[in-house]
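# Reading the structure
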Amino acid sequence: MNPRTGRVVIGRFPAGGPRGSWPAEEFAHARRLEGEAAEVVMDLASDAFLVVVRGRELAE
């Protein structure tokens, strides 16, 4: 978990996907259907879309 934002990254997708393809959005949508409050954010430093949830602890 990122201590500054309280978010956990649960998926990472390259920004240069095929035209018309939204894999990060599809992944986040599937997690929302499972009851998680997943959202997509852009990580400019790595040029990737991240799927994050707030306050979830990582499973060990």
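A few points on the structure. These figures come from a predicted structure and were not determined experimentally. (Residues numbered from 1 in each chain as written. Predicted model: local features only at pLDDT ≥ 70, side-chain atom pairs only at ≥ 80, totals over all residues. Heavy atoms only, no water.)

Here the focus is the environment of Phe-49. Structurally, Phe-49 can be placed in strand β3 (residues 48–54). Looking at Phe-49, the relative accessible area reads 28%, which means it is partly exposed. Separated by 25 residues in sequence, Phe-49 and Ala-24 place their C-alpha atoms 6.4 Å apart. The residues touching Phe-49, leaving out its near neighbours within four places in the chain, are Gly-11, Arg-12, Phe-13, Pro-14, Ala-15, Ala-24, Val-40, Val-41 and Met-42. (Helix = DSSP H or I, 4+ residues; strand = E, 2+ residues; numbered from the N terminus. Buried < 20%, exposed > 50% of the residue type's maximum accessible area, 1.4 Å probe, protein only. Contact = heavy atoms within 4.5 Å.)

What helix α1 (residues 23–33) keeps buried is the set Ala-24, Ala-28 and Arg-31. The buried residues of α1 occupy an angular sector of 60° when the element is viewed end-on, so they sit on one face. Opposite the buried face of α1, at more than 90 degrees from it, the exposed residues are Glu-26 and Leu-33. Check the buried side of α1 and you find it contacts β1 (7–14), β2 (39–43) and β3. Where α1 ends, the next residue or the one after it, Gly-35, has phi of about 100°, a positive value. (Arc of directions from axis to C-beta.)

What follows is about the packing of aromatic side chains. Enumeration according to the criterion identifies one aromatic pair in this entry. When the centroid spacing of 5.5 Å and the interplanar angle of 55° are considered together, the rings of Phe-13 and Phe-27 count as tilted. Taken together, the positions of Phe-13 in strand β1 and Phe-27 in helix α1 put the pair 14 residues apart, joining distant regions of the chain. Under the relative-accessibility criterion, Phe-13 is labelled buried at 17%. The ring of Phe-27 is capped by Arg-31, whose NZ or CZ atom sits 4.4 Å from the centre of that ring. (Phe/Tyr/Trp six-rings, centres within 6.5 Å; stacked < 30°, edge-to-face > 60°. Lys NZ or Arg CZ within 6 Å of the ring centre and 35° of its normal.)

This part is about the pattern of salt bridges. If you walk through the whole model with that rule in mind, you get three salt bridges. For Arg-31, the salt bridge is made with Glu-34, and the minimal N-O distance between the two is 3.1 Å. Exposure remark for Arg-31: the relative accessible area of 16% places this residue in the buried category. You can call Glu-34 exposed: its relative accessible area is 55%. (Salt bridge = Lys/Arg side-chain N within 4 Å of Asp/Glu carboxyl O.)

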